[in-house]
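The chain contents come next:
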Amino acid sequence: MTAEQTFEEAVVEFIEKTKEYLDTESTEGIPPNSPAPYEQEGPPFESPIRLDSKFIAKYARAIGDDNPIYTDPEYGRRTRYGCQIAPGPVLNYIRYPGIHGASRPQGYPIANFVAGAAWEFFDVLRAGTRFRTSKTTKELIEKKGAQGDLLFLISEVNYWDYHGELPAKCYGTLIMVPQRTMGTSRAMDVERLGEHM
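Rules used throughout
Residues numbered from 1 in each chain as written. Predicted model: local features only at pLDDT ≥ 70, side-chain atom pairs only at ≥ 80, totals over all residues. Heavy atoms only, no water. Helix = DSSP H or I, 4+ residues; strand = E, 2+ residues; numbered from the N terminus. Buried < 20%, exposed > 50% of the residue type's maximum accessible area, 1.4 Å probe, protein only. Contact = heavy atoms within 4.5 Å. Areas by Shrake-Rupley, 256 points an atom, 1.4 Å probe, with all protein chains shown as cover. Arc of directions from axis to C-beta. Expected span 1.5 Å × (residues − 1). Salt bridge = Lys/Arg side-chain N within 4 Å of Asp/Glu carboxyl O. Polar contact = N/O pair within 3.5 Å; in protein donor to acceptor, adjacent residues only side chain to side chain.

Asker: How should the overall build of the protein chain be read in this particular structure?
Answerer: From N to C terminus, the protein chain includes 5 helices and 7 strands. The order of α-helices and β-strands along the protein chain, N terminus first, is α-β-α-α-α-β-α-β-β-β-β-β. Every one of the 197 residues in the protein chain was classed for burial, and the buried ones make up 40%. Sequence-distant contacts, at least 24 apart, represent 69% of the contacts inside the protein chain between residues at least 6 apart. When the accessible area of the protein chain is evaluated, it comes to approximately 11300 Å², of which 52% is carbon and sulfur surface.

Take a look at the structure:
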């Protein structure tokens, strides 16, 4: 990038660099940052979050679900699962399914909006489970919108437990919207806030 880069050139650079990441492992959303208290060589990458009983119950209550299968370990033991289980979308905390594309220190003039997530579950999520994950950028789709260009960035995240089983998978979509008011970076002048949405 040069000081003379235009908005259009910054957007083209973002698209070209993001396409280089298609079908490659993303390091986005691998907490905690280095030095992690455990090995973080991967993929797959280990999550520091454990689905323990308290975490599951807290999450369930936060989303307004007081089903005892999620909030009461004793109740869970008496079910066919033999333990407390977690609501599926708790995996957002293990590793978020969205991908933001190429990055650079000053950012790109692109706003992003969560467009959705599609989950596949192959088993329940049991209390005590630890996960390893892999996240890849699967597609970059360019479309013309009523207000300008839209970029749909689709990712795939696999969630493996420590037995090597795959209890869940998620496809996340972010809509990336180039913002002329940002110029050639991710930030815009305070005076321009609210100028164009």
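Asker: How do you make sense of helix H2 (residues 53-62) when you look at a structure like this?
Answerer: It helps to recall that an α-helix has 3.6 residues per turn; residues three or four apart then point in one direction. Of all the residues in H2, the buried ones are Ile-56, Ala-57, Tyr-59 and Ala-60. Viewed end-on, H2 has its buried residues packed into an arc of 165 degrees, placing them on one side of the element. Seen from the buried face of H2, the exposed residues on the opposite side, beyond 90 degrees, are Lys-54, Lys-58, Arg-61 and Ala-62. Downstream of H2 by a residue or two, Gly-64 has a phi angle that is positive, lying close to 80 degrees.

Asker: Could you clarify how one ought to interpret helix H1 (residues 7-19) in this entry?
Answerer: In this model H1 runs 19 Å from its N-terminal to its C-terminal C-alpha over 13 residues, within 8% of the 18 Å that 1.5 Å per residue would give. Structurally, H1 contributes buried residues whose contacts are with strand E3 (110-121), strand E5 (131-145), strand E6 (148-161) and strand E7 (168-178).

Asker: Is there a simple way to think about the environment of Tyr-70 in this case?
Answerer: Within the secondary structure layout, Tyr-70 lies in helix H3 (residues 68-71). Residue Tyr-70 is classed as buried on the basis of its relative accessible area of 16%. Along the backbone, Tyr-70 and Ser-53 are 17 residues apart, and their C-alpha atoms lie at a distance of 8.4 Å. Apart from the residues lying within four places of it in its own chain, the contact partners of Tyr-70 are Ile-56, Ala-57, Ala-60, Asp-65, Gln-84, Ile-85, Ala-86 and Pro-87.

Asker: What am I meant to see in the pattern of salt bridges here?
Answerer: It is possible for side chains of opposite charge to pair when their charged atoms get near one another. Considering all chains together, one arrives at 11 salt bridges under this definition. For Glu-74, the salt bridge goes to Arg-77, with nearest N and O atoms at 3.3 Å. With Glu-74 and Arg-77 both in helix H4 (residues 73-77) and 3 residues apart, this pair spans about one turn of that helix. Residue classification places Glu-74 among the partly exposed residues on the basis of a relative accessible area of 44%. A salt bridge links Asp-149 to Lys-144; the nearest nitrogen and oxygen atoms lie 2.8 Å apart.

Asker: In this structure, what is going on with the side chain of Thr-129? I would like to understand it.
Answerer: Here Thr-129 lies in the loop between strand E4 (125-126) and E5. Take Thr-129: its relative accessible area is 15%, and that puts it in the buried class. Here Arg-126 takes part through its backbone oxygen, which lies 2.6 Å from a polar atom of the side chain of Thr-129. Beyond its immediate chain neighbours, meaning those up to four positions away, Thr-129 contacts Arg-50, Leu-51 and Asp-161.

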